[in-house]
Amino acid sequence: MRPLDTSSATIRTLFAILTVEQRRRAAVVITVLSMMLCVSTLVSLYDSLNSALATRLSTAEDLTWMQAQNIMVDLLDTEPLQTKDDRSLITIATDAANDHSITVSRYQPDSKGGLRLWIDRVEYTVAIGWIQDIHRINGLSIDSLTLSALGDLGLVSVNLVLSQ
């Protein structure tokens, strides 16, 4: 089987041997295919624009929420009331979590001597209060903190690393 020859001269030669009716049909087929390509491109563009708009709206909502929470986060920058707690990191974190009715789902020692904790589901304001207490009351440092919004309004998951 020979490869398809699509050179301009070959196409003109093939088109020239067609009857007038066959040329009209070929023109209709080419027109319909061109229109299908245009419609397909427009549908794809429409979907892309809708997706971009949805992403922008979601990002704007996230930014508004983060700005509203700024005052809570600023409270984390205060100096601790207590400078040293002789209990272990896991005991301090667990006691503080219990005081705020928080369930820590997982603990793991950090490579730098700290303690990594995971909380799967907690109200944002409760999490911030707990983190403030760990820092201000117990004098622990927060080396790393990630709050991730969950599907339900106001709920987050928390991943943080504490150290003394």
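Residues numbered from 1 in each chain as written. Predicted model: local features only at pLDDT ≥ 70, side-chain atom pairs only at ≥ 80, totals over all residues. Heavy atoms only, no water.

> Would you mind showing me how to read helix H4 (residues 89-99) here?
Helical geometry: 3.6 residues make up each α-helical turn, so side chains three or four residues apart lie on a common side. What H4 keeps buried is the set Leu89, Ile92, Ala93, Ala96 and Ala97. For H4, the angular spread of buried residues about the axis comes to 125°, placing them on one side. Residues of H4 that are exposed and angled more than 90 degrees away from the buried face: Asn98 and Asp99. The inward-facing, buried residues of H4 abut strand S2 (115-123), helix H5 (124-136) and strand S4 (155-163). Trailing H4 by a residue or two, Ser101 shows a phi angle of about 55°, which is positive. (Buried < 20%, exposed > 50% of the residue type's maximum accessible area, 1.4 Å probe, protein only. Helix = DSSP H or I, 4+ residues; strand = E, 2+ residues; numbered from the N terminus. Arc of directions from axis to C-beta. Contact = heavy atoms within 4.5 Å.)

> Before we go on, may I ask you to explain the pairing of strand S1 (residues 106-109) in this structure?
Working note: regular strand, side chains alternate between the two faces of the sheet. Pairing analysis gives 4 bridges linking S1 to S2, with the strands arranged antiparallel. Opposite Pro109, over in S2, you have Leu115 as the bridge partner. The loop that links S1 with its antiparallel partner S2 comprises 5 residues; one of these, Gly113, has a positive phi angle of about 90°. (Pairing = 2+ DSSP bridges.)

> Could you clarify how one ought to interpret the pattern of salt bridges in this entry?
As a working rule, side chains carrying opposite charge can pair if their charged atoms are close by. Counting across every chain of the model gives 3 salt bridges. A salt bridge links Glu21 to Arg24; the nearest nitrogen and oxygen atoms lie 3.9 Å apart. With Glu21 and Arg24 both in helix H2 (residues 20-68) and 3 residues apart, this pair spans about one turn of that helix. Residue Asp95 is joined to Arg87 by a salt bridge in which the shortest nitrogen-to-oxygen separation is 2.6 Å. (Salt bridge = Lys/Arg side-chain N within 4 Å of Asp/Glu carboxyl O.)

> I would appreciate a short explanation of the environment of Ser141 in the present structure.
Here Ser141 is to be found in strand S3 (residues 141-149). In this structure Ser141 comes out as partly exposed when scored by relative accessible area, which is 32%.

> Hey, could you run me through the sheet that holds S1 in this one?
Each strand in a sheet pairs with its neighbour through backbone hydrogen bonds, running either in the same direction (parallel) or in the opposite one (antiparallel). Overall, antiparallel pairing links the 4 strands, which are arranged S1-S2-S4-S3 in an open sheet. Pairing within the sheet leaves two strands with one partner each, and these edge strands are S1 and S3. Averaged over all pairs of adjacent strands, the angle between their axes in this sheet comes to 20°, without regard to strand direction. (Axes fitted to C-alpha atoms, helices over the stretch in contact; angles between N-to-C directions.)

> Could you clarify how one ought to interpret unusual backbone geometry in this entry?
Working note: non-glycine residues mostly have negative phi, and peptide bonds are mostly trans. Even without glycine at this site, Ser101 takes up a positive phi of about 55°. Relative to the assigned elements, Ser101 resides in the loop between H4 and S1. Given the relative accessible area of 69%, Ser101 is considered exposed.

> Would you mind going over the packing of aromatic side chains with me for this structure?
Aromatic ring pairs are described here by two measures, namely the spacing of the ring centres and the angle between the planes. Scanning all chains against the criterion turns up 0 aromatic pairs. The lysine or arginine in question, Arg106, covers the ring of Trp118, its NZ or CZ lying 4.0 Å from the ring centre. (Phe/Tyr/Trp six-rings, centres within 6.5 Å; stacked < 30°, edge-to-face > 60°. Lys NZ or Arg CZ within 6 Å of the ring centre and 35° of its normal.)

> What's the story with a nonpolar patch on the surface in this structure? I'm lost.
Residues Val28, Val29, Val32, Leu33 and Met36 make up a contiguous nonpolar surface patch of roughly 460 Å² in combined accessible area. Tracing the backbone shows Leu33 in helix H2. (Patch = residues over 30% accessible without salt bridge, like charges linked within 9 Å, V, L, I, M, F, W, Y side chains within 5 Å. Areas by Shrake-Rupley, 256 points an atom, 1.4 Å probe, with all protein chains shown as cover.)

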